[in-house]
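Each chain, written out:
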Amino acid sequence: MAEFTLHDLQCFDAVIRSGGFQPAAALLHRSHPAVFAAVARLERQLDLVLLDRGGYRVRATEAGLSFHRRAQSLLRELEGLSIHAAQLSMGEESDIHVVIGDLCPRPQVLGMLGRFFAQCPGTRLHLHFEAVGGPWERLFDDKADLILHWIDKGDVRVEWIDLSKVSFIPVVAPGFLPKRVEQPVTLEKMQAFTQCVMRDTALHSPRQDYFVAEGAPRCLVPDQAVKKELILQGLGWGHLPHFLIAEELRDAQLLSIAGSHLPGRTDELVVARRRDRPHGPIANRLWDHIQREAPALRRALEPRV
């Protein structure tokens, strides 16, 4: 058995993943005949029939499926090696793009970034403030080096560092609810009152709504600070992060209406970046810096009893 090449293995993998020679060729930016020849060459070298070409669509034989499963670890190692090589070849970046999501405690996060970039005068920090699905969209559009927001931890394209749990509490200003609204407060009862809702800054991703009372009049807000001010002035109700309103709750400037019928919610604030993209030396140093500062940030955001 002759030794096979990584190119032939990648072509076979692309055929299995995409379901045919033509989509595999498009995936690899190669011609259909080149992919077909690579897989045929791999079969000859292995002395195995990897694909059943007898039907309308090609499909893996039993031997092909078994071989493909074993090949996955090698292909993953190759991808990781390519990313590592790209990182080694990078010079220090002139620009870093960071997205601050609507879950972030801005003073603490901006302080953390400020301490780092004070030591990197040759790199310009570009800050972007996004809400709801906006941070994710920038990350997957390759317009951000990292984001500080919540993520879907099941997405294999990303890696993350846990920063803190952020509790969201439904609140109103004193006197906002008329006395006729009896306890317990339910979502149905709140549908009669204006709700302050965060505007999703994503441009082309499916819209995501959180804490929304269907049918209630809405006031769209750009960030948590504006939402807090509107609620304090009795112009609406809504969910706010505990770290932003701890003093107002303590001083009864805001009242929690959370209960079994209208629970709050806890999200996980993380810093996240693409696992499947190379990162330059400054981006990697920033990642390590955030990891070191994460415990202090977590302590600063813990509710004080």
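Scroll up for the structure.
For clarity, every value in this text was computed on a predicted model and none was experimentally measured.

(A) Molecular detail of the pattern of salt bridges. The final tally for this structure, using the stated rule, is 19 salt bridges. With its nearest N and O atoms 2.7 Å apart, the salt bridge here joins Lys153 to Asp162. Look at Lys153 and you get partly exposed, because its relative accessible area is 28%. Among the ionic pairs, Arg250 bridges to Asp251, the shortest N-O distance being 3.7 Å. You can call Arg250 exposed: its relative accessible area is 60%. When its relative accessible area of 43% is taken as the criterion, Asp251 is described as partly exposed. Each of Asp142, Arg274, Asp276 and Arg277 takes part in a single network of salt bridges with overlapping partners.

(B) How the structure looks around the packing of helix 1 (residues 6-18) against helix 3 (residues 32-46). Viewed as axis vectors pointing N to C, helix 1 and helix 3 meet at an angle of 110°, and their least axial separation amounts to 8 Å. Between helix 1 and helix 3, the crossing angle belongs to the class labelled roughly perpendicular. Our pair here, helix 1 against helix 3, has a crossing hand that is left-handed. When helix 1 is examined against helix 3, the residues His7, Asp8, Leu9, Cys11, Phe12 and Val15 are found in contact with a partner set consisting of Val35, Ala38, Val39, Arg41, Leu42 and Gln45. Among the residues making up the contact of helix 1 with helix 3, the classes are represented as eight nonpolar, two polar and two charged.

(C) Region of interest: the pairing of strand 3 (residues 95-100). As defined by bridge partners, strand 3 adjoins strand 4 (residues 124-129) across six bridges and the pair is classed as parallel. Looking across to strand 4, one finds that Val98 is bridged to Leu127. Handedness of the crossover joining strand 3 and strand 4 through helix 5 (residues 106-117) is recorded here as right-handed.

(D) Seen up close, the side chain of Thr123. Structurally, the position occupied by Thr123 is in the loop between helix 5 and strand 4. At a separation of 2.7 Å, a polar atom in the side chain of Thr123 contacts the main-chain carbonyl oxygen of Glu93.

(E) Local environment of the side chain of Glu293. Here Glu293 is to be found in helix 10 (residues 281-301). A distance of 2.7 Å separates polar atoms of two side chains, one belonging to Glu293 and the other to Arg115. With sequence-adjacent residues up to four places away left out, Glu293 is seen in contact with Met112 and Arg115.

(F) Local environment of unusual backbone geometry. Although it is not a glycine, Val132 sits at a positive phi angle of roughly 60°. You can see Val132 is positioned in the loop between strand 4 and helix 6 (134-140). With phi around 65°, Ala252 is a residue other than glycine that occupies positive phi space. Along the polypeptide, Ala252 turns up in the loop between helix 9 (242-250) and strand 10 (255-256). Ala252 sits in the partly exposed class, given a relative accessible area of 42%.

(G) The state of the cysteines, seen in detail. Taken as a whole and judged by the stated rule, the model has zero disulfides. No disulfide involves Cys104; its nearest neighbouring cysteine sulfur is the one of Cys120, lying 20 Å away.

(H) Highlighting the nonpolar core. If you look at the biggest cluster of nonpolar residues, it comprises 38 residues, and the most contacted ones within it are Val98, Leu146, Ile147, Leu148, Leu163, Val271 and Leu286. Of the residues forming this core, the biggest block, eight residues, is contributed by helix 10. With residues near it in sequence (within four places) discarded, Val271 still touches Leu146, Ile147, Leu148, Glu159, Trp160, Ile161, Leu163, Trp287 and Ile290. Core analysis: the next-biggest nonpolar cluster, separate from the first, contains 19 residues, Phe12, Leu28, Ala38 and Leu51 among them.

(I) Up close: helix 10. Relative to the 30 Å expected for 21 residues at 1.5 Å per residue, helix 10 spans 29 Å between its end C-alpha atoms, a close match to the ideal helical length. Glu293 marks the point of greatest bend in helix 10, at about 45°, and the proline Pro295 comes within the next four residues. Where helix 10 is concerned, the buried positions are Ile282, Ala283, Leu286, Trp287, His289, Ile290, Glu293, Ala294, Leu297 and Leu301. Considering only its buried residues, helix 10 is in contact with strand 3, helix 5, strand 5 (146-149), strand 6 (158-172), helix 9 and strand 11 (265-274).

Here is what the cut-offs are and how they apply
- Residues numbered from 1 in each chain as written.
- Predicted model: local features only at pLDDT ≥ 70, side-chain atom pairs only at ≥ 80, totals over all residues.
- Heavy atoms only, no water.
- Salt bridge = Lys/Arg side-chain N within 4 Å of Asp/Glu carboxyl O.
- Buried < 20%, exposed > 50% of the residue type's maximum accessible area, 1.4 Å probe, protein only.
- Axes fitted to C-alpha atoms, helices over the stretch in contact; angles between N-to-C directions.
- Helix = DSSP H or I, 4+ residues; strand = E, 2+ residues; numbered from the N terminus.
- Parallel < 35°, antiparallel > 145°, perpendicular 65-115°, else oblique.
- Left-handed = near helix turned anticlockwise from the far one by under 90°.
- Contact = heavy atoms within 4.5 Å.
- Nonpolar A, V, L, I, M, F, W, Y, C, P; charged D, E, K, R; others polar.
- Pairing = 2+ DSSP bridges.
- Right-handed = clockwise from strand over helix to strand, strands pointing away.
- Polar contact = N/O pair within 3.5 Å; in protein donor to acceptor, adjacent residues only side chain to side chain.
- Disulfide = S-S within 2.5 Å.
- Core = buried A, V, L, I, M, F, W, Y, C linked by side-chain atoms within 4.5 Å.
- Expected span 1.5 Å × (residues − 1).
- Bend = angle between axes of the 7 residues up to and from the residue.

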